[in-house]
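Topology and contacts: notes
Residues per chain are reported as follows:
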Amino acid sequence: MIDVLVAGGGPAGLATAVHAALAGMEAVVVEPRAGPVDKACGEGVMPGGVAALEAMGVEVEGHAFQGIRYLDGRREVRAAFSAAPGLGVRRTRLHAALARRAAELGVKTVTGKITRVEQDRDGVRAAGLRARWLVAADGLHSPLRRSLGLDLPARGPRRYGQRRHYRMAPWTDFVEVHWSGAGEAYVTPVAADLIGVAILSSVRRGYDEHLRGFPALSRRLRGPAVTPVLGAGPLRQAARARRAGRVLLVGDAAGYVDALTGEGVSLAVRSAELLVRCLAEDRPEDYDGAWLRLSRAHRLLTGALVQVARRPGTARLVVPAARRLPGLFAGVVRILA
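**What about the side chain of E263?**
One can find E263 in the loop between β20 (247-249) and α7 (264-280). No salt bridge is formed by the buried E263. Its closest oppositely charged neighbour is R270, at 5.2 Å. Polar contacts involving the side chain of E263 include one to the side chain of H298, which spans 2.7 Å.

**Describing the environment of R212**
Mapping R212 onto the fold places it in the loop between α5 (207-211) and α6 (215-220). On a C-alpha basis, the gap between R212 and A315 in space is 17 Å, while along the polypeptide they are 103 residues apart.

**So, the sheet that holds strand β15 (residues 183-191)**
In spatial order, the strands read β6-β5-β14-β15-β16-β13-β17; together these 7 strands make up an open sheet with mixed pairing. Only two strands of the sheet have a single partner each, and these edge strands are β6 (76-80) and β17 (230-232). Across the sheet, the mean angle from the axis of one strand to that of its neighbour is 20 degrees, orientation sign disregarded. Pairing of strand β5 (residues 67-71) with β6, which is carried by 5 bridges, proceeds in the antiparallel orientation. Along β6, the bridge assignment pairs R69 with R78. The strands touched by helix α11 (residues 326-336) are β5 and β6; relative to β6, the strand with the most contacts, the crossing angle is about 45 degrees.

**A short note on empty space enclosed by the protein**
Throughout the structure, instances matching the rule amount to 1 cavity of 30 Å³ or more. Put simply, the largest cavity is a space of about 30 Å³. Split by residue class, the lining of the largest cavity holds 6 nonpolar, 1 polar and no charged.

**Brief notes about the layout of surface pockets**
Quantified by volume, the second largest pocket comes out at close to 460 Å³. As for the second largest pocket, its lining consists of 25 residues, of which Q237, G255, Y256, V257 and R299 are closest to the centre. Taken together, the residues that form the lining of the second largest pocket break down as 13 nonpolar, 7 polar and 5 charged.

**Here we look at the nonpolar core**
Nonpolar side chains tend to gather and get buried jointly when the protein is soluble and globular. Among the nonpolar cores identified, the biggest contains 60 residues, and L5, L53, M56, I114, L134, V250 and L275 are the most heavily contacted of them. Top contributing element to this core by residue count: α7, with 8 residues. Beyond its immediate sequence surroundings of up to four residues, L134 is in contact with L5, A7, I114, V117, V124, L144, R246, V247 and L248. By size, the runner-up hydrophobic cluster in this structure holds 28 residues, among which are I68, A79, L260 and V306.

Basis of the calculations
- Residues numbered from 1 in each chain as written.
- Predicted model: local features only at pLDDT ≥ 70, side-chain atom pairs only at ≥ 80, totals over all residues.
- Heavy atoms only, no water.
- Helix = DSSP H or I, 4+ residues; strand = E, 2+ residues; numbered from the N terminus.
- Buried < 20%, exposed > 50% of the residue type's maximum accessible area, 1.4 Å probe, protein only.
- Lys, Arg positive; Asp, Glu negative; His and termini not counted.
- Salt bridge = Lys/Arg side-chain N within 4 Å of Asp/Glu carboxyl O.
- Polar contact = N/O pair within 3.5 Å; in protein donor to acceptor, adjacent residues only side chain to side chain.
- Pairing = 2+ DSSP bridges.
- Axes fitted to C-alpha atoms, helices over the stretch in contact; angles between N-to-C directions.
- Contact = heavy atoms within 4.5 Å.
- 1 Å grid on protein atoms, 1.4 Å probe; cavity = no way out; pocket = protein on both sides within 12 Å on 5 of 7 lines; lining within 4 Å.
- Points joined across faces, edges and corners; volume = space filled by probe spheres on them.
- Nonpolar A, V, L, I, M, F, W, Y, C, P; charged D, E, K, R; others polar.
- Core = buried A, V, L, I, M, F, W, Y, C linked by side-chain atoms within 4.5 Å.

So yeah, pure geometry; function would need other evidence.
In structure tokens, the structure reads:
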């Protein structure tokens, strides 16, 4: 019998498989697509996520960034990380690096898709395979989360993300967040000659139309666009629990607030480690509470910022407030790092 069967071969699923293999478990990943797979993603890995990847033995190339910079066209404020830098990295490179590490550790990947599961007291059966545990890492709109009755209606604004890359040298070693009354634009350095620009908003419109709402940023984008626009959303997803019997949720499938603070990859990798530790120590019932504790700061702070961002009048106050309270802004950035 397989120890851990993973539904989904993205970063969260591969991180789970790597941690399972490092813990001496047999892990099998079921994924319908050939990797690496690109998705709409801000591509900034916070320092905690970088450390977690290094601890797993994952080597990935990217572009270091030293902190977060907020701008609104007239004012700016920045906060540097207190110790190690973050890493801007193309999602395809991260996916490939995780897949390499999983293969090195003997993780098998099976082509297929898991949409339903049968389980009993001793294990689960899915995709014609039998395992002790199934980990659902099947993304933001997880079919498994829904089929298990773990979906909850998401409260708050329905926000969407779009991302494109530009062939040009980064002009700063910070991740920039440009604020407007209609959304936020993220600029992440991902290579010496490449930046990613992601736009988050509750307003449904095309990427170029959104970009015109950030004139100072638009003037800087002199390099050609070299990737198509990819989108995702609604971003906010809620789960009533992270476990149903012998099935556990990880990554975006476990619940997601927003991309506003850029912690998606870091939380996915760190929660994968937490999940495997609970299984290795035969205490799966502890995973849900441990996940809630791990993600608490992210959920509270990101949720608060989303509420501010949903109204143009309050969104325009974010950068001035951060300038008046630089210590508080720096403290929030370091908590999320």
